[in-house]
Amino acid sequence: MMKGPKNWRLFALMTALLVFLSGCGREEISTLIPAGKVAQDQFNLLILSSIVMLFVIIVVTIIYVLAIVKFRRSKVGEDMIPEQVEGSARLEFIWTAIPIVLLLILAVPTVYSTFDLADVTAMDAQTEEGDAENLTVNVTGKLYWWEFEYPEQGIITAQELVVPTGERVYFNLIAADVKHSFWIPSVGGKLDVNPENVNTFYLEFDRESAELDNGVFYGKCAELCGPSHALMDFKVKSLNREDFDTWVAAMQEEEPAAVEGDLAQQGEELFGTDGLSCIACHATGGVGATPGQGPNLATFGDRNTVAGFMDHDEETLKKWIADPQQYKPGNLMPDAASLNNGEELTDQELSALAAYLMGLKKEE
Amino acid sequence: MDLNKRYTPQTWPDHPETATLEGKNKFVGFWLLLAAETVTFASLFATYLALKDKGPSGMEFTAAGLFELPLVFAMTMILLTSSLTSVYAIYHMKNHNFKAMQAWLGITVLLGLVFLGLEIYEFNHYVHLGFGFTNSAFSSAFYVLVGTHGAHVAFGLSWFIALMLRNAKRGLNMYNAPKFYLAALYWHFIDVVWVFIFTVVYLMGVVG
Amino acid sequence: MAHDTHDIHRSRAEYEFVKRKRATEMRGQLTSFAMMIFLTLIAFTLVAAEFSPYFIVPILLLLAAIQVVLQLYHFMHMSNKGHGMMAFFMFSGMFVAFLTVLAMVTIVWW
Amino acid sequence: MSSNAQKTGFGATIWDFITTVDHKKIAILYLISGGFFFLVGGVEAMLIRIQLMKAGNDFLSAGTYNEVLTMHGTTMIFLAAMPILLAFMNAVAPLQIGARDVAFPFLNSLGFWLFFFGGVFLNLSWFMGGAPDAGWTNYASLALASEGHGIDFYSLGLTISGFGSLIAGINFLVTIINMRAPGMTYMRMPLFTWTTFVASALILLAFPPLTVAIFFMVFDRLFGANFFDVTMGGNTIIWEHFFWIFGHPEVYILILPAFGIFSEIFAIFSRKRLFGYTALVFATILIGFYGFMVWAHHMFTTGLGPTANAVFALATMIIAVPTGIKIFNWLLTIWGGSISFTVPMIYAVAFIPSFVAGGVTGVMQAIAPLDYQLHDSYFIVAHFHYVIVGGVVLALLAGTHLYWPKMFGTMLSEKLGKWTFWLFFIGFHMTFFIQHFLGLMGMPRRVYTFGADQGWDLFNAISSFGALFMAAGVIILLVNIVLTSIKNERVGNDPWGDGRTLEWAIPSPPPFYNFAQTPLVRGLDPYWIEKMEGNKEGMVYAEPLGDIHMPNNSFIPFVISLGMFIASFGALYHLDGDKAWALPVLIIGLGITFGSMLVRSLKDDLGYYVTKEELIADQERIHREAQAREGGKNGGLK
Ligand code: HEA
Ligand code: HEA
Ligand code: CUA
Ligand SMILES: [Cu+2]
């Protein structure tokens, strides 16, 4: 509703400060610290409706407190029989009319915003050269992880969404198994990820995630989808357009960077078809890959987390590979032993895999 | 209320179904049940419409290709007629003419049985064609909608039969008159549902 | 209280009168029945004649609606006195039914 | 041949309750079993709060948490809140309209036993391979994917108890339509009866869609149908629609009777006629009516499109208007009254700000674009616990205190009652107020754990701490009940001293035939009118003393329900394939059910008469007991 980016950015900054001071959550995830137009619109609605509601509560409270103070039996006398009033048409009218007015105040921005936030007509717009004008990301929700496909750029990644700042990014959402819901609280309200149909909406990212404490926005699955629903997190990196283009270019490189170090090379071997066949589920290249059974690991080294929510270090990674079920109950990755004919991997083998995976990077 | 009290056409009240409080309660309660049934069937119809012709890719059967009208036409005529015969039964009930009522109810039951037989034949036929319950969302929705109606028909018939047998020797009294009346109401309701089934499922299905 | 009915005794004449009234009513029912059959015939004929669906479907639904009214009001006597509450609940039921069907045909697939 | 022959002994009492068709005893059955399930649901709530007490807690495993969460919601809504409300409806509504009984005593009993066996069946899932784990909403894609039999327990259990609710709904509707005493016009009915009426109408029209959807679920999971199987052309959104076409009216089924209870309380303890009675009645009807047109506000993020979202957003907001009318009329009822702060009244007074707070957050959620942020976050959890706990549960607690003397003939301790109130009330706000902010800070609901890096630790700890207070309050209530039952001081007709409606004109507890003579109602609040006119009897009569027709007790409702209970096990295990006993069990169960139904319809059951002589004797006994009480101590408040 607030027009003009400058104007509302200031507003956003002010409110963000305000809210931050009162300790309303972390900036990576709080809806109270909006970091994009959609979240900002919604935040403004929150403020507007809160004011209206506060007014309602205050009116009720005043009447209420007066009544219970003035008319307690100890005050009016034990034997007092009050007048048996029937009602009052005028009062009925007043308390029908005023709420209606309040609701009308809410109704107008509601309808406006509902249509505004659903406006994806520009999604398929093309430049004169026939390129897409806007960035579109196809999101697939899978049992406890997220896949992000950039159809125009021909790249696929997982767990970490990378987006440019300052422009609309359009999303196509679909579930591969059960229903999920795609939510980046500080950037904008959620949309369900249904198994039967593609849902479409847009978001705008107005802050570079590098400015944040943890360097990423937090994304969540907001629809109960099984035991590990709570852990179906993803992270969002918003880069300025330049950095974003660099990232895309790096992803588009056909040749994966050479694997460095003996340990990592051993890891690569283990990862491949001659080893444990991790590659059967996990692609390691950004381009040409098809949607996979497991997350694309091309950018694994750049990530902030393992499996979307755990610390990004080798120890954790080793533990995860050895026994994923322990950390994310019900997820679809087999433990390493079962890939290794029932034998536990040695610590050395795990370290090798970890070293290899940590070396998979696209950013510098 | 006295079960053994004998009535003659002259002492038989105008509305025997609501002449006692019990009767009136049953009567109102039954109408309410019909309102609930309306919502039930609406839910089934709504689902059917949403899932019509939906199935796995390459699905073989759609409404337009499957349904055959002559059979449905016959079923419709039979059920409509049975609705009329049950009206006759109630007409005689109100005139306190027990024999005639039983006779018309008998006809109603026969027609109902034929209808049910045809429906079973129809389902059987479809299954043999390969259109089974588990084939597609469409098939599930179709069988559950029409099957639920069929189950209602079966229940209505059992109700009629039970009433006729139970009261065969007793004649009409204040205790069973509401029951006959309600069974007839139920039968009409089943007919109403069928009107929508033949319209929405079969006719609109064939039209496409 | 109201558990027992008041006994009524009608004179022969009264009885004959009521009986005649019922007979007339019964003829009305027959007419309704004839109409139902007729409407059904129209419906099936329309479909057999293969007109355009846009033309047929609304008519089919209209015909069905008329049949329902006939059933409810003539066969099920919903117009009789003392049916007010029942009619109210039936219509409420139909209202919910209508909303349900409307929702399922409009906003389930998109 | 009256059946009030005094048999004693524990076995006889149990048998009496199993076979009873007396609405007052059925009310007690509902109260006990609903209360039991409330404790079960409450323990589940405590487990939830313990698990979420701190970040990364491992008190419950992920799978178990989902089961606890699902069973908490399902138990509280279907097996605790609704049955306890049905208890009060049974205990009070027929008395309020001057009826000797409900319209269908037999069905009343059947409704209870269906609910009971459905609830037991659902809870047995804990011991038979796992409880349902797809949330109380049981969304289809997850429900179909759920392993084990949890979801099947949910489907079959709710089907059975759903039939029970439907029967109860029809029963109350017919009772109120047909059985009102002479002079009790619709516009003289007490508000609790009115809300019972509208809530029953909602039950009548809202349960069928749920039943249908659950049948689809059963067909899909157990018989290979494809309603929700996307790969076979099915559609999971159908489930969502049906669930909420039922689910939204369901929350009004809960809140309307609660409104009714509070309406009674406000009038009684302000000694004042309800302000704007007519407006209150029409607001109730309107809420019921709108309740059917707003369900998609639970689906704003499903992707129905902006048009649907906008329409449903506006429709939802409208409900604030009739609800506001009620709030303000209550305020004006106590305004100018003489307010006595008894325990029920404290609850009623506390209800107003709590419920308004919950209601206004509801309206905020109705703003569709804002709901994109709020949906499935803890803000929602805060909203609905504010309306449910701050509205419905407070009403249940208030009603328990208010109607306890009428149901059991003895008063709960006011002192302990106040302890319960304060602990519960403080705990309630502490637990749920803070959850609004958790939601706004990005915490999704239905998460079994959360990381320490999300900034939610402190608020969750506070929330969990508050829940302890609620538990303490509930435990004191239990103590209160035990102590009063032991003391068992008998009370008279009108223990609160300011009763206004017919139930306070007859003894506590009322004799099994309720009214020896049917009362004649001369206006709104008939008992108050008679009292004010100095009528010692408290009633004028519409008929002379005469024989009263009563229904016979029956064991059949229990057996019918038991049959369905047994059959459900058969159905549930039948498709495991390796259990040969399953099919026979299914058939035997259905056989028992249909067999006993057949017995019922073939065997005439004409009831019996309480003769005039027996009545006179019984009235004299009641009179003697009252005299004795009067001589000793005056029961009741003063
Ligand atoms: C007793 C139960 C109860 C009651 C009474 C209500 C009452 C209302 N509810 Fe609530 N609701 C639930 C139980 C209840 N709800 C539950 C259980 C859920 C979650 C289900 C789940 O997902 O598991 C839910 C979820 C829910 C949602 C979905 C949120 C989401 O999942 O995204 C919405 C959205 O619109 C909503 C809205 C409302 C509204 C507008 C009211 C209104 O009726 C409130 C009206 C009252 C007032 C507004 C206060 C008094 C009025 C005044 C003083 C007048 C002046 C006021 C104004 C002008 C604003 N509710
Ligand atoms: C009537 C409805 C009702 C009631 C009364 C309550 C009452 C409570 N609820 Fe519940 N709740 C729901 C309906 C209800 N809830 C629903 C529908 C959901 C959604 C489920 C879903 O998402 O699917 C939900 C979800 C829900 C959640 C969210 C879980 C999640 O999303 O992950 C939480 C978390 O705090 C919660 C907490 C509580 C608490 C602390 C209470 C307290 O008020 C409870 C107070 C009661 C007690 C504390 C009883 C104490 C008993 C004892 C101490 C026992 C003593 C025992 C003996 C002597 C034998 N509830
Ligand atoms: Cu995916 Cu929750
Ligand atoms: Cu709702």
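Computed from a predicted model, the values in this text were never measured in an experiment.

Another point: the side chain of D525 of chain D. All names here are of chain D. Relative to the helices and strands, D525 resides in the loop between strand 1 (519-520) and helix 17 (526-532). Of note is the side chain of D525, whose polar atom sits 2.8 Å from the side chain of R500. Leaving out residues up to four positions away in the same chain, D525 has contacts with R273, R500 and T501.

Facing the 83 residues of chain A at the interface are 93 residues of chain D. The largest share of the area that chain A buries against chain D comes from R73, W95 and L224 of chain A, three residues that together contribute 11% of it. On inspection of chain A and its partner chain D, the count reaches three salt bridges. Here E240 of chain D ties to K179 of chain A by a salt bridge, and the two come within 2.8 Å at their closest N and O atoms. Our enumeration of links across chain A and chain D arrives at 30 residue pairs in polar contact (both at pLDDT 80 or more). Going through the elements one at a time, helix 2 (37-70), helix 3 (73-76), helix 4 (89-117), strand 7 (188-193) and strand 9 (217-221) of chain A are the ones with two or more residues in the side of chain A that touches chain D. When residues in the side of chain A that touches chain D are grouped by element, the largest group, 17 residues, is from helix 2 of chain A.

Moving on: the coordination of the iron atom of ligand 2. All names here are of chain D. At 2.0 Å from the iron atom of ligand 2 lie its protein donor atoms, namely H72 (NE2) and H385 (NE2). Coordination at the iron atom of ligand 2 is octahedral: its six donor atoms span angles of 87 to 179 degrees at the metal. Linking H72 in helix 3 (residues 62-96) with H385 in helix 14 (residues 378-408), this pair joins segments that are 313 residues apart in sequence. Accessibility expressed as a relative area gives 13% for H385, which makes it buried.

Turning our attention to the site of ligand 1. Within the structure, ligand 1 sits among 33 residues, and W136, Y252, D371, H375 and H383 of chain D are positioned closest to it. Each of chains A and D places residues next to ligand 1. At a separation of 3.3 Å, an oxygen atom of ligand 1 approaches a polar backbone atom of A366 of chain D. Here R445 of chain D contributes a side-chain N or O atom positioned 2.8 Å from an oxygen atom of ligand 1. Broken down by secondary-structure element, the contributors of at least two residues to the shell around ligand 1 are helix 2 and helix 4 of chain A together with helix 8 (237-270), helix 11 (320-334), helix 12 (343-366) and helix 14 of chain D. When the residues that make up the shell around ligand 1 are grouped by side-chain class, the tally is 21 nonpolar, 10 polar and two charged.

Residue and element names in this part refer to chain C. Taking the UniProt record as the reference, the feature "transmembrane region" (unreviewed entry) is found at residues 30-49, 55-75 and 87-109. Helix makes up 95% of residues 30-49 and strand 0%, and the two end C-alpha atoms of the span are 28 Å apart. Summarising residues 55-75: 100% helix, 0% strand, and an end-to-end C-alpha distance of 30 Å.

All names here are of chain A. All of the buried residues in helix 6 (residues 262-271) are A264, G267, L270 and F271. When helix 6 is viewed along its axis, its buried side chains cluster within an angular range of 115 degrees and face the same direction. Opposite its buried face, helix 6 presents the exposed residues D262 and E269, each directed more than 90 degrees away. On its buried face, helix 6 sits against helix 10 (347-358).

Glancing now at a nonpolar patch on the surface. Together, I475, V479, V482, L483 and I486 of chain D give the surface a local cluster of nonpolar side chains, amounting to about 460 Å² of exposed area. Checked against the element boundaries, V482 of chain D lands in helix 16 (residues 457-487).

Quick look at the site of ligand 2 now. Residues and elements named next belong to chain D. The full set close to ligand 2 counts 32 residues, and Y65, H72, W136, H385 and R446 are the nearest of them. The separation between an oxygen atom of ligand 2 and a polar side-chain atom of R446 is 2.6 Å. Of all the secondary-structure elements, those providing two or more residues to the shell around ligand 2 are helix 2 (23-51), helix 3, helix 14, helix 15 (414-440) and helix 16. Examining the composition of the shell around ligand 2, we find that eight residues originate from one element, helix 2, more than from any other. Considered class by class, the residues forming the shell around ligand 2 number 23 nonpolar, six polar and three charged.

Residues and elements named next belong to chain D. From the protein, the iron atom of ligand 1 takes a single donor atom, H383 (NE2), 2.2 Å away. In this structure the copper ion (ligand 4) is found 4.5 Å away from the iron atom of ligand 1. With respect to the helices and strands, H383 occurs in helix 14.

To continue, consider the UniProt feature "transmembrane region" (unreviewed entry) in chain B. Residue and element names in this part refer to chain B. Following the UniProt record, the feature "transmembrane region" (unreviewed entry) maps to residues 30-51, 71-91, 103-121, 141-165 and 185-205 here. Secondary structure content for residues 103-121 is 100% helix and 0% strand, while the C-alpha to C-alpha distance between its ends is 27 Å. The distance separating the terminal C-alpha atoms of residues 141-165 is 36 Å; by composition the span is 100% helix and 0% strand.

The strands making up a sheet associate through backbone hydrogen bonding, with each pair oriented either parallel or antiparallel. Residue and element names in this part refer to chain A. Pairing within the open sheet is mixed, and its five strands lie in the order 4-10-9-6-7. Lying at the two open borders of the sheet, with one neighbouring strand each, are strand 4 (160-164) and strand 7. Averaged over neighbouring strand pairs, the angle between their axes works out to 25 degrees when direction is ignored. Bridge count between strand 4 and strand 10 (residues 234-239): five bridges; the pairing is parallel.

Another aspect to go through is the side chain of T420 of chain D. Residues and elements named next belong to chain D. Tracing the chain through its elements places T420 in helix 15. For T420, the side chain forms a polar contact with the main-chain oxygen of G473, separated by 3.5 Å. Of note is the side chain of T420, whose polar atom sits 3.4 Å from the backbone nitrogen of L477. Beyond its immediate chain neighbours, meaning those up to four positions away, T420 contacts Y347, G473, I476 and L477.

All names here are of chain A. Strand order in the open sheet formed by five strands is 3-2-1-5-8, and the pairing between neighbours is mixed. With one partner strand each, in any of the chains shown, strand 3 (155-158) and strand 8 (199-204) form the two edges of the open sheet. Neighbour-to-neighbour, the strand axes of the sheet open up by a mean angle of 25 degrees, direction not taken into account. In this structure, strand 5 (residues 168-175) lies alongside strand 8, joined through six bridges in antiparallel fashion. Counted as the bridge partner of V169 is L203 from strand 8.

What counts, and where the lines are drawn
Residues numbered from 1 in each chain as written. Chains lettered and ligands numbered in written order. Predicted model: local features only at pLDDT ≥ 70, side-chain atom pairs only at ≥ 80, totals over all residues. Heavy atoms only, no water. Helix = DSSP H or I, 4+ residues; strand = E, 2+ residues; numbered from the N terminus. Polar contact = N/O pair within 3.5 Å; in protein donor to acceptor, adjacent residues only side chain to side chain. Contact = heavy atoms within 4.5 Å. Buried area = accessible area lost by both parts, 1.4 Å probe. Salt bridge = Lys/Arg side-chain N within 4 Å of Asp/Glu carboxyl O. Donors = N, O, S within 2.8 Å, 3.2 Å for Na, K, Ca; no water. Tetrahedral: all angles 85-135°; square planar, octahedral: opposite > 155°, others 65-115°. Buried < 20%, exposed > 50% of the residue type's maximum accessible area, 1.4 Å probe, protein only. Near = heavy atom within 4 Å. Nonpolar A, V, L, I, M, F, W, Y, C, P; charged D, E, K, R; others polar. UniProt positions renumbered as here; feature names shortened; annotations may be inferred. Arc of directions from axis to C-beta. Patch = residues over 30% accessible without salt bridge, like charges linked within 9 Å, V, L, I, M, F, W, Y side chains within 5 Å. Areas by Shrake-Rupley, 256 points an atom, 1.4 Å probe, with all protein chains shown as cover. Pairing = 2+ DSSP bridges. Axes fitted to C-alpha atoms, helices over the stretch in contact; angles between N-to-C directions.

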